[in-house]
Amino acid sequence: MLEINNLHVNVGETQILKGLNLKINSGEVHAIMGPNGAGKSTLSYVLSGRAGYEVTEGTISYQGKNLLDMEPEKRAGEGIFLAFQYPVEIPGVSTMNFLKAAVNSVRKYRGDKEFDAMEFLKFVREQTKILNISDDMLKRAVNVGFSGGEKKRAEVLQMAVLDPILAVLDETDSGLDVDALRIVGEGVTALRSSKRSMLVITHYQRLLDYIIPDVVHVLSSGKIVDTGDKNLALELEKNGYEIYSEAVA
Amino acid sequence: MSLVSEITRNLVNEQSTMQFPQSKPWLESLRADGIDAFKKDGLPDINIEKWKYTNLNQLNGVTGERSPEVAVNQDQITWLLDEVETNKLVFVNGYFKKSLSKIIDVGQGIRISALCNELLNSDFINNYLGKIASTADNPLFALNTAFIEDGCSIVVENCKLLKPIEVVYISTGSNATCHYPRNIIIARNNAEINIVERHIGFGGEVYMSNGATEILVEDHSKINHYRIFEDAVNGINLSSVRAVVKDYSCYNSFVLSTGGRLNRCEIDVSCAGDRANASLSGVYTARDQQHTDHTTRIEHLVPNTTSVENYRGALDGSARGIFQGSIFVAVGADGTDGRMSNKNLLLSSQAEVNAKPQLEIYADDVQCAHGCTTGELDDEALFYLRSRGITEPNARAILVEGFLNEAFSGIEEQTILDVFHEKIRDWMVI
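Residues numbered from 1 in each chain as written. Chains lettered and ligands numbered in written order. Predicted model: local features only at pLDDT ≥ 70, side-chain atom pairs only at ≥ 80, totals over all residues.

1. Let's talk about the overall build of chain A
And step 1. Of regular secondary structure, chain A possesses nine helices and twelve strands.
And step 2. What you see for chain A is a C-alpha radius of gyration of 18 Å, in line with the 18 Å of a compact globule of 249 residues.
And step 3. In terms of principal-axis extent, the alpha carbons of chain A reach across some 55 × 40 × 35 Å.
And step 4. Counting the 249 residues in chain A, one finds 42% classified as buried.
And step 5. Look at the contacts in chain A between residues 6 or more apart in sequence, and 73% of them connect residues 24 or more apart. (Helix = DSSP H or I, 4+ residues; strand = E, 2+ residues; numbered from the N terminus. Rg over C-alpha atoms; globule rule 2.2 N^0.38 Å. Buried ≥ 20, exposed ≤ 12 C-beta atoms within 10 Å, placed from the backbone. Contact = placed C-beta atoms within 7 Å.)

Written as structure tokens, this is what we have:
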């Protein structure tokens, strides 16, 4: 489904990813953990096509296609979704209108009929119930004045309505209190399916209590340095990342 | 001779040969004031501070002759608020068109009519006309005053007329001519008026509309003044509003300007009574070679008055946008609260914005603030939308629209808010 080979990425003059390899099969949930500055967010941006991340070497194959050739909107159409660590505030644009524009763009790309206003409202309400998102929140401008928890719930709502094949969650647990973490964790878990793969990028193990990963990787200094099952995350929580930085050094 | 003075001379000659059909001594004297002031000062040039960024050389091609009366069919007019039973007034080249208009609310403190009827039938309007604005303050007001003949006259007392009054000004663009609609809007003694004005133009010829509006809001009254300028491609619309707000009253102005070759929209408000409040909101959009100029001045003349001003602009192509906002607080006007914000988006490397916020404060105990920004679309926001599958052009349109819509968050009437949003969207998709 996703195959990353020997990926090298520069941001400006600085090399961030230094030969990263990763393979995710359909329906698998992979977690990537690692210390600050390891390149976790860079990986998520490269996957979603953000400008300013220069791939100097290596390939990313997604469903047999060259992902690096695609514009961000095309990647979304093809089923890639990034839940942002810091969701962007967009004043003046209501969350509802934003969601509708996004869903209809993706439906159009995928050859589905676009929703009219009534159809969309019905469709979106099915999802908001699960995530405890009020109609009032949908009327407000995108992420403007949202609490940390509201922002992350809104990200999961976007993921739900865009129905991705590969969801990348970039530190979705950051800035969340215990209750918000549970709601978000359960929301994501509800979206697990055999047709959907997930890449959960996180600094801490706690999100993985809710989203149990099939595979856990450790990313350090731009490379995957260890891979294991969910128990690896528990060990990391206990021992920290120090052994990896020493190994690299 | 400079172009500006040549145009000035033509305009004056034209005026002096005019025969006014309705003659009254007070009206003759008012027009004479206008022509004297205009003869003295002429059209403003760029040496005048308020006109630094807008050169009326752009009037090149305007003949100075008066626009003719032209017939317009009902089907050439689309109403913005057609689902509501509202008062509707239509002016073509400055002349009232009775057959296209519909005045349904009369009596009980409501007096809505064409100014020409007021001038013809009584001296009532002499109480207000030319009393709110001074010809010495503004050369375009002086020019308009020289040509006073018709326009919109709305006087509401002791009555809340909540249904909006829709006024359409049509310029037919006939032979590079000029017209001078003169409007007067008065709300007194617990009155409320909602007016939706729309300025449209036909054809590709140059024309000049030099409208002037006098507004008085007094004694617990409120005017919501909504205006949309959608002039034709070569249209020149120079509009001046002079409003005086008195005790416990409120003037709310919402302006959207998208059309025309040159649009200057000047608003001058005095908060001249206890608890007077003025709120000015505006959006200007321009592309190609368009020039759009929004110049405002809010005076706080007595203690405890408030004002809020929020203008936003989006400029594309080689367009130029001007925002000049000034807040003046007079000696002794303590307790003034005045806030001004102006934000601009540049959508191309050739577009230009000149923004000049000004505070002039002569009282001690006041709160005044101004903020002004000019920038490009936020790359991060653009990427966020694109990462959700929205194509780049659509993402840009959504961001620009959202940015501009913010200026109209003060519109409480949903149908009117929808109209403004729709007009902004229309501009985006052209």
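2. Some details on the overall build of chain B
And step 1. A tally of helices and strands in chain B yields seven helices and 20 strands.
And step 2. With respect to the three principal axes, the spread of C-alpha positions in chain B is 70 × 50 × 50 Å.
And step 3. For chain B, the residues scored as buried account for 53% of the 430 residues in total.
And step 4. Within chain B, residue pairs in contact and separated by at least 24 positions form 83% of the contacts whose partners lie at least 6 positions apart.

3. Description of the nonpolar core
And step 1. Counting residues in each nonpolar core, the largest one holds 163 residues, and the members touching the most others are Val168 of chain A together with Val245 of chain B.
And step 2. Counting residues per element, this core draws most heavily on helix α6 (residues 148-162) of chain A, at seven residues.
And step 3. Mapping this core onto the domain boundaries places at least three of its residues in each of domain 1 (3-273) and domain 2 (378-430) of chain B.
And step 4. Other than its neighbours up to four places away in sequence, Val168 of chain A contacts Ser44, Leu47, Ser48, Phe81, Leu82, Ala83, Leu199 and Ile201 of chain A.
And step 5. Core analysis: the second largest hydrophobic core is formed by 24 residues, Leu59, Leu143, Ala146 and Phe147 of chain B among them. (Core = buried A, V, L, I, M, F, W, Y, C linked by C-beta atoms within 7 Å. Domains from an automatic or database assignment.)

4. Considering the sheet that holds strand β6 (residues 80-83) of chain A
All names here are of chain A.
And step 1. An order of β6-β9-β10-β3-β11-β12 is seen for the six strands of this open sheet, with the pairing classed as mixed. Bordering the open sheet on either side are β6 and β12 (223-228), each of which pairs with just one other strand. Recorded for the sheet is a direction-independent mean angle of 20 degrees between the axes of neighbouring strands.
And step 2. Alignment of strand β3 (residues 29-33) against strand β10 (residues 197-202), held across five bridges, turns out to be parallel. (Pairing = 2+ DSSP bridges. Axes fitted to C-alpha atoms, helices over the stretch in contact; angles between N-to-C directions.)

5. Concerning the pairing of β12 of chain A
In regular strands, side chains alternate between the two faces of the sheet.
Residue and element names in this part refer to chain A.
And step 1. Where strand β11 (residues 215-220) meets β12, five bridges bridge the pair, whose relative direction is antiparallel. Counted as the bridge partner of Ser220 is Lys223 from β12.
And step 2. Joining the antiparallel neighbours β11 and β12 is a turn of two residues, in which Ser221 adopts a positive phi near 50 degrees.

6. Brief notes about helix α7 (residues 178-190) of chain A
Residues and elements named next belong to chain A.
And step 1. When the terminal C-alpha atoms of α7 are compared, their 18 Å separation across 13 residues agrees well with the 18 Å that a helix rising 1.5 Å per residue should span.
And step 2. Within α7, burial applies to Leu181, Val184, Gly185, Gly187 and Val188. Viewed along the axis of α7, the buried residues span an arc of 160 degrees, placing them on a single side of the element. Opposite the packed face of α7, turned more than 90 degrees from it, sit the exposed residues Val178 and Asp179.
And step 3. Close packing links the buried residues of α7 with α4 (117-131), α6 and β9 (166-170). (Expected span 1.5 Å × (residues − 1). Arc of directions from axis to C-beta.)

7. Details of the sheet that holds strand β5 (residues 65-66) of chain A
Residue and element names in this part refer to chain A.
And step 1. Strand order across the open sheet formed by four strands is β2-β1-β4-β5, with antiparallel pairing between neighbours. Either end of the sheet is taken by a strand with one partner, and the two such strands are β2 (14-24) and β5.
And step 2. Inspection of the sheet shows strand β1 (residues 2-11) paired to β2 by eight bridges, in the antiparallel sense. If you follow Leu2 over to β2, its bridge partner there is Ile24.

8. Notes on the interface of chain B and chain A
And step 1. In this complex, chain B contributes 18 residues to the contact, which on the side of chain A involves 20 residues.
And step 2. Looking at the side of chain B that touches chain A, the elements that each hand over two or more residues are α5 (379-386) and α6 (392-405) of chain B.
And step 3. Here the side of chain B that touches chain A takes seven residues from α6 of chain B, the largest share from any one element.
And step 4. Here the residues of the side of chain B that touches chain A are counted per class, giving seven nonpolar, six polar and five charged. (Nonpolar A, V, L, I, M, F, W, Y, C, P; charged D, E, K, R; others polar.)

9. A few points about the confidence of the model for chain B
Detailed reading of the predicted model is not advised wherever pLDDT is low.
And step 1. When pLDDT is averaged across chain B, the result is 92; 96% of the residues are at 70 or more.
And step 2. For this predicted complex, the interface confidence comes out at an ipTM of 0.96, alongside a pTM of 0.91. (pLDDT = per-residue confidence, 0-100.)

10. Describing unusual backbone geometry
What you tend to see is this: most non-glycine residues have negative phi, and most peptide bonds are trans.
All names here are of chain B.
And step 1. In this structure, Arg275 is a non-glycine residue whose phi angle is positive, near 60 degrees.
And step 2. Relative to the helices and strands, Arg275 is located in the loop between β13 (262-271) and β14 (277-286).
And step 3. Overall, the presence of 18 C-beta atoms within 10 Å leaves Arg275 in the partly exposed class.
And step 4. At Asp288, a residue that is not glycine, the phi angle is positive and equals roughly 50 degrees.
And step 5. Along the polypeptide, Asp288 turns up in the loop between β14 and β15 (291-300).

11. Section: the domain arrangement of chain B
All names here are of chain B.
And step 1. Looking at chain B, the domain boundaries give domain 1 (3-273) and domain 2 (378-430).
And step 2. The distance between the C-alpha centroids of domain 1 and domain 2 comes to 31 Å.
And step 3. Facing ten residues of domain 1, the contacting portion of domain 2 comprises nine residues.
And step 4. A per-element tally of the side of domain 1 that touches domain 2 places strand β12 (residues 250-257) first, with three residues.
And step 5. Looking at the side of domain 1 that touches domain 2, its residues break down into eight nonpolar, two polar and no charged.

12. Quick look at the packing of α4 of chain A against α6 of chain A
Any two packed helices are characterised by the angle at which their axes cross and by the distance between the axes.
Residues and elements named next belong to chain A.
And step 1. Packing of α4 against α6 leaves a shortest axis separation of 10 Å and a crossing angle of 140 degrees. Classified by the angle their axes make, α4 and α6 are oblique. Our pair here, α4 against α6, has a crossing hand that is right-handed. Contacts between α4 and α6 pair Val124, Gln127, Thr128 and Leu131 from the former with Arg153, Val156, Leu157, Ala160 and Val161 from the latter. (Parallel < 35°, antiparallel > 145°, perpendicular 65-115°, else oblique. Left-handed = near helix turned anticlockwise from the far one by under 90°.)

13. Topic: the pairing of strand β9 (residues 207-218) of chain B
All names here are of chain B.
And step 1. Of all the twelve residues making up β9, twelve are buried; the element is thus mostly covered by neighbouring parts of the structure.
And step 2. Burial along β9 is two-sided: Tyr207, Ser209, Gly211, Thr213, Ile215 and Val217 facing one way and Met208, Asn210, Ala212, Glu214, Leu216 and Glu218 facing the other are all buried.
And step 3. Where strand β6 (residues 178-179) lies against β9, two bridges are found, and the strand directions are parallel. Bridge pairing in β9 places His179 opposite Ser209.
And step 4. Relative to strand β11 (residues 235-245), β9 runs parallel, the two being bridged by eleven bridges. Residue pairing for β11: Asn210 is matched across the bridge by Leu238.

14. Considering the environment of Ile215 of chain B
Residue and element names in this part refer to chain B.
And step 1. In this fold, Ile215 is placed in strand β9.
And step 2. It is 18 Å that separates the C-alpha atoms of Ile215 and Glu149, two residues lying 66 residues apart in sequence.
And step 3. In contact with Ile215, not counting residues within four places along its chain, are Ile132, Ile185, Ile223, Val241, Arg242, Ala243 and Tyr251.

15. Section: the packing of helix α3 (residues 95-109) of chain A against α6 of chain A
Residue and element names in this part refer to chain A.
And step 1. Between α3 and α6, the shortest axis-to-axis distance is 10 Å and the interhelical angle comes to 30 degrees. By the angle between their directions, the pair α3 and α6 is classed as roughly parallel. Between α3 and α6 lies a crossing whose hand is right-handed. Across from Thr95, Leu99, Ala102, Val103 and Val106 in α3, the residues of α6 making contact are Ala154, Gln158, Val161 and Leu162.
And step 2. Residue composition of the contact of α3 with α6, grouped by class: seven nonpolar, two polar and no charged.

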